[in-house]
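Descriptive analysis of the structure
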Amino acid sequence: MKRTIYQEEHVAFAEAVAAYLKADVAPHVRDWEEVGLVPRETYRALARLGALGIQVPAEYGGGGETSFLYNCVLTEQVAYARATVGSLRVHTDVVMPYVLAYASDEQRRRWLPGMVTGDLMSAIAMTEPGAGSDLAGLATNATRTADGWLLNGAKTFITGGSQADLVIVVARTARTENRRGGLSLLVVEDGMPGFTRGRRLSKLGLLAQDTAELFFDDVRVPAANLLGEEGQAFGYLSGNLAQERLSIAVNAQAQAVAALDVTVDYVRQRNVFGQPLASFQNTKFVLAGLRAQVGAGQAMVDQAMQRHEAGELSPADAAAVKLFCSEMQGQVVDACLQLHGGYGYIREFDICRFYADARVSRIYGGTSEVMKSIIAKSMGL
Ligand SMILES: Cc1cc2nc3c(=O)[nH]c(=O)nc-3n(C[C@H](O)[C@H](O)[C@H](O)COP(=O)(O)OP(=O)(O)OC[C@H]3O[C@@H](n4cnc5c(N)ncnc54)[C@H](O)[C@@H]3O)c2cc1C
């Protein structure tokens, strides 16, 4: 169905990004998957297209937009190009909103210009070996010193962690009766003594996106690196979750669209039993069914994007769209891989990557079970 969410300016941005991705990203994806990283220059090139500082005020070099739709365009174009750009989405959709919302003027001057050009790449470190879904159970702690904080702890699964220049670390700065209180956001910078990065984790998919362990051993974080107010982190993190989950849903949806496209191409050119795979009724029925599923996802995502633009996307609605699109993505990539036969299991075929990359959509940004808990609560259950 024709989409009506985008205006002329979004389409122009999509075209510019698509041209760059096709020429300078897609041809290198396999090499980047081998090394497990996207080169810094790629982030800088995307920055020159305006992709890194979409909502950043012009005085810091950004685009000064209020709309999140450009971020959605970017996510979609990466998927449609069958490309992958490492930790881009964490930088633009997850970290940037916290800096924009909570940084002081001094912090904005210090960090935003570099974040816009790609000279300062960022990560967010919430998850720990002992605390994932249950964020309030985290053990990383920071104690007061005369001029700031002494940070100790370990984080895991941190996207972009091995390359990040700035890491927003969620740490416990006070014990309160309510476990959700007493958490603060501390910005740890590359090179601070006591901050070390562990191994890059070897993953099932998202091979060009580094996922790292981070360690903090008596790291002296200056008071000037507290983001927002002390003890308010849980509220800040909850406040941005709807947008983060929408971002994951947009990605899941776009990946499903791309996987279906890849498969329609494949069944047309593959012959079995002397005829195109596309000519079998089973192939047509499977693909037609997937087309309907993907269309349902698109309608839901587009409506969620619209509600988000109006400032009306509720946490439960964001959870529902993430749940639906990530589960749908899983079903689509599985059926598409099946239609590729053995080739679907071979890494040089795009569908193999779509399949492997899809699995985490149901896990990160809150698992499907956590999404269901949120939705059920909104139903009074
Ligand atoms: C590739 C990748 C990138 C990531 N990037 C980041 C990042 O940049 N920053 C960051 O901080 N984190 C990141 N994460 C971590 C991610 O957000 C967590 O993995 C996720 O929140 C789940 O936490 P967990 O792994 O500890 O699983 P657990 O919390 O241990 O969950 C295990 C199982 O228990 C279920 N479960 C948990 N609680 C409940 C409940 N109340 N009711 C029913 N079932 C429940 C879960 O659904 C799951 O099935 C990343 C993870 C991956 C895999």
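Shown above is the structure to which this text applies.
As a starting point, this report considers the structure included with it. (Residues numbered from 1 in each chain as written. Predicted model: local features only at pLDDT ≥ 70, side-chain atom pairs only at ≥ 80, totals over all residues. Heavy atoms only, no water.)

So, on to the overall build of the protein chain. Across its full length, the protein chain holds eleven helices and ten strands. In summary, the protein chain has a C-alpha radius of gyration of 21 Å against a globular reference of 21 Å for 381 residues, a match within 12%. C-alpha extents for the protein chain along the principal axes are approximately 80 × 50 × 40 Å. Here the contacts in the protein chain between residues at least 6 apart in sequence split such that 75% fall between residues at least 24 apart. Only carbon and sulfur atoms are counted for the fraction: they give 53% of the accessible area of the protein chain, which is about 17,100 Å². (Helix = DSSP H or I, 4+ residues; strand = E, 2+ residues; numbered from the N terminus. Rg over C-alpha atoms; globule rule 2.2 N^0.38 Å. Contact = heavy atoms within 4.5 Å. Areas by Shrake-Rupley, 256 points an atom, 1.4 Å probe, with all protein chains shown as cover.)

Our focus in this paragraph is the layout of surface pockets. In this model, the largest pocket occupies a volume close to 1,600 Å³. Lining the largest pocket are 49 residues, with Arg-245, Ile-363, Tyr-364, Gly-365 and Gly-366 sitting closest to its centre. A total of eight residues in the lining of the largest pocket trace back to one element, the largest contributor, which is helix 7 (residues 233–269). Of the residues assigned to the lining of the largest pocket, the class counts are 23 nonpolar, 16 polar and ten charged. Taken as a whole, the second largest pocket holds about 370 Å³ of empty space. Forming the walls of the second largest pocket are 20 residues, and the residues nearest its centre are Thr-66, Pro-97, Asn-240, Gln-243 and His-308. (1 Å grid on protein atoms, 1.4 Å probe; cavity = no way out; pocket = protein on both sides within 12 Å on 5 of 7 lines; lining within 4 Å. Points joined across faces, edges and corners; volume = space filled by probe spheres on them. Nonpolar A, V, L, I, M, F, W, Y, C, P; charged D, E, K, R; others polar.)

A few words on empty space enclosed by the protein. Scanning all chains against the criterion turns up four cavities of 30 Å³ or more. Space inside the largest cavity adds up to approximately 300 Å³. Every residue lining the largest cavity is counted, 25 residues in all, and those nearest its centre are Val-78, Val-85, Arg-89, Asn-251 and Gln-255. At the level of elements, helix 4 (69–80), helix 5 (88–102), helix 7 and helix 10 (350–358) are the ones that each hand at least two residues to the lining of the largest cavity. Looking at the lining of the largest cavity, the element that brings in the most residues is helix 4, giving five residues. When the residues that make up the lining of the largest cavity are grouped by side-chain class, the tally is eleven nonpolar, ten polar and four charged.

Before going further, it helps to examine helix 8 (residues 281–309). Between the first and last C-alpha of helix 8 there are 42 Å, a value that for 29 residues agrees with the 42 Å anticipated at 1.5 Å per step. Among all positions in helix 8, only Thr-283, Leu-287, Leu-290, Val-294, Gly-295, Gly-297, Gln-298, Val-301, Asp-302, Ala-304, Met-305 and His-308 are buried. Those residues of helix 8 that are buried lie in contact with helix 4, helix 7 and helix 9 (315–339). (Expected span 1.5 Å × (residues − 1). Buried < 20%, exposed > 50% of the residue type's maximum accessible area, 1.4 Å probe, protein only.)

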